[in-house]
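Spelled out, the chains give:
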Amino acid sequence: MIGEEPMSIAIRDVSVFGDAIAYFDEAAELLKLEPGLRAILTHPSRQIIFSIPFQRDTGELEVYTGYRVQYNFARGPAKGGIRFHPGVTLDEVTALAFWMTWKCAAVDLPFGGGKGGVTCEPERLSRGELERITRRYAAELIEVTGPDKDVPAPDVGTTPQIMAWFMDTYSMHRRETVAGVVTGKPLEIGGSRGRVEATGRGVSLCTLDQLAVMGIDSRGARIVVQGFGNVGSIAARLLSEAGCRIVGISDVSGGYLNPGGIDVAAALAYSQEHHSLDGFRGGERVSNTMLIEADSDVLVPAALEKQITIDNAAGIRAKLIVEGANGPTTPEADHILAQRGVVIIPDIIANAGGVIVSYFEWVQDRQGYFWKEPEVNERLSDQLLTNFHIVRELATLRGISMRTAAYMVAIDRVVAAMRIRGVYA
Ligand code: NAD
């Protein structure tokens, strides 16, 4: 039997996955989705937990826990990153796989949703130890991953090198090179041009597009970016190159505000040299709260989940929020911002640039033919903005938030595939 209500209530009370379901529920209600389909879509297709015994460089044996959740396959193979982090749990991986399902559908990719992880601290592991953990992780998943089954990618704590070890292990077992088993690989073994920049580029494309609709001149538009890693720093660079004024940036060391405009190239050079913005003198040092509430036209949260909460939502002065991070806004904060008329481009659209170019990488690997960077960027812009416009039009038509509209578009596409395929039972 599916959809046992007591279990669902218990999950919602305590878990990240339970929180994630809140946005789904709102859209499912508007779509008048029948209870059976809702039950299927709020249950992961497959959750895998396994032990990863490995040898430390000292010769000692240790055991970590590995996970892979394949949430939904209706539109194609599962797709989603692998996280190496001490906080990884089955609940978190399930929530991330759930989000991937809607993200892939919202931008119309032929993928389902998946996510994986290992509960470990990659910063405290040597290169050799990381390689052994990755190879064992990949070997455990041989039967259930593959270009037509489930295609992992990097996420927090994992890198193109880790994808290369995954791909090599898989290929060794299969006795053939299978480049399309993972994306986010180095260029030398079937990675795509433009993949590293893709998420930040998508954030920048959505921001510029929405500013135009809101009648705000992008030249000189004041932008605050929280998080200066892959997504935040590239979004800041591309937006500044497009003429916007980046008035605030931050990383784990704190925030840096400069109403006259931060020199993003100098900040990038500083952060690359010092592996942090700590000590950067191109702006006044402020707290994370002051940064989020700073006077600006656009706020780009690009650090972690749950940054915009009931505690700071009322103080946010930006007119537009573009979610570079996954899940940066809690459902309670989302309602406060909606009441105040703040426009939000939701994560499943705003940060989908990365998975779009991952899709292009998978296509190129299968073709064995690699595109030039301008072609990748042009196709990214087309795929992302076409779907963003569909979402925005639905939001306007129904008088709902773009988040609810994005979920509605995504759920509708997954459900259409499920209805056509039927439920094999
Ligand atoms: P990253 O590790 O490269 O960068 C994270 C940045 O956030 C770092 O600058 C870090 O110092 C900063 N940070 C951490 N805690 C902070 C805090 N409390 N206050 C301010 N800054 C803080 O990670 P990333 O790849 O840029 O990912 C950022 C977010 O975007 C994550 O939510 C991730 O899931 C999401 N995302 C990333 C991609 C991608 O392609 N990289 C794709 C989709 C979504």
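Residues numbered from 1 in each chain as written. Predicted model: local features only at pLDDT ≥ 70, side-chain atom pairs only at ≥ 80, totals over all residues. Heavy atoms only, no water.

Caption draft 1: Looking closely at the sheet that holds strand S2 (residues 61-72). Pairing is mixed in the open sheet, where five strands are placed in the order S1-S2-S4-S3-S5. At either margin of the open sheet sits one strand with a lone partner, and together these are strand S1 (46-55) and strand S5 (150-154). Averaged over neighbouring strand pairs, the angle between their axes works out to 20 degrees when direction is ignored. Bridge count between S1 and S2: ten bridges; the pairing is antiparallel. Paired with Ile48 across the two strands is Arg68, which belongs to S2. In this fold helix H5 (residues 127-140) packs onto S1, S2, strand S3 (78-85) and strand S4 (113-119), with an angle of close to 140 degrees to the strand it touches most, S1. (Pairing = 2+ DSSP bridges. Helix = DSSP H or I, 4+ residues; strand = E, 2+ residues; numbered from the N terminus. Axes fitted to C-alpha atoms, helices over the stretch in contact; angles between N-to-C directions. Contact = heavy atoms within 4.5 Å.)

Caption draft 2: Examining the environment of Asn312 more closely. Relative to the helices and strands, Asn312 resides in the loop between strand S10 (298-301) and strand S11 (320-322). The class for Asn312 is buried, based on a relative accessible area of 8%. Sequence spacing of Asn312 and Ala333 is 21 residues, and the spatial spacing of their C-alpha atoms is 8.0 Å. Excluding residues within four positions of it along the chain, Asn312 makes contact with Ile292, Glu293 and Gln307. One polar contact links the side chain of Asn312 to the main-chain amide nitrogen of Thr309, over a distance of 2.9 Å. (Buried < 20%, exposed > 50% of the residue type's maximum accessible area, 1.4 Å probe, protein only. Polar contact = N/O pair within 3.5 Å; in protein donor to acceptor, adjacent residues only side chain to side chain.)

Caption draft 3: Up close: the packing of helix H2 (residues 16-30) against helix H11 (residues 331-339). Put simply, H2 and H11 touch, their axes get as near as 10 Å, and they point 45 degrees apart. By the angle between their axes, H2 is oblique relative to H11. Of H11, the residues touching H2 (which contributes Asp19, Ala22, Tyr23 and Glu26) are Pro331, Asp334 and His335. When grouped by side-chain class, the residues that make up the contact of H2 with H11 number three nonpolar, one polar and three charged. (Parallel < 35°, antiparallel > 145°, perpendicular 65-115°, else oblique. Nonpolar A, V, L, I, M, F, W, Y, C, P; charged D, E, K, R; others polar.)

Caption draft 4: Structural detail: the environment of Ser358. One can find Ser358 in helix H13 (residues 353-367). When the C-alpha atoms of Ser358 and Thr58 are compared, they prove to be 37 Å apart, with 300 residues separating the residues in sequence. Every residue in contact with Ser358, bar those within four places of it in the chain, is listed here: Lys79, Ala153, Thr183 and Arg195.

Caption draft 5: Examining the side chain of Ser192 more closely. Secondary-structure assignment places Ser192 in the loop between helix H6 (160-174) and helix H7 (198-213). For Ser192, a relative accessible area of 5% puts it in the buried group. A polar contact is formed between the side chain of Ser192 and the side chain of Gln364, at a distance of 3.0 Å. Other than its neighbours up to four places away in sequence, Ser192 contacts Leu187, Val357, Glu361, Gln364 and Val376.

Caption draft 6: Examining the site of the ligand more closely. What surrounds the ligand is a group of 20 residues, the closest being Thr199, Asn230, Val231, Val252 and Asn326. Here an oxygen atom of the ligand sits 2.9 Å away from a polar atom, N or O, in the main chain of Val231. With the chains in place, 74% of the 830 Å² that the ligand exposes on its own is no longer accessible. Listing elements by their share of the shell around the ligand, those giving two or more residues are helix H8 (230-241) and strand S7 (245-251). (Near = heavy atom within 4 Å. Areas by Shrake-Rupley, 256 points an atom, 1.4 Å probe, with all protein chains shown as cover.)

Caption draft 7: How the structure looks around the sheet that holds strand S12 (residues 343-345). As summarised here, the arrangement of the seven strands in space is S9-S8-S7-S6-S10-S11-S12, forming an open sheet in which the pairing is mixed. Both edges of this open sheet fall to strand S9 (284-286) and S12, since each of them pairs with a single strand only. Taking the axes of each pair of neighbouring strands and ignoring which way they run, one obtains an average angle of 20 degrees across the sheet. Sheet topology places strand S6 (residues 222-226) next to S10; four bridges connect them, and they run parallel.

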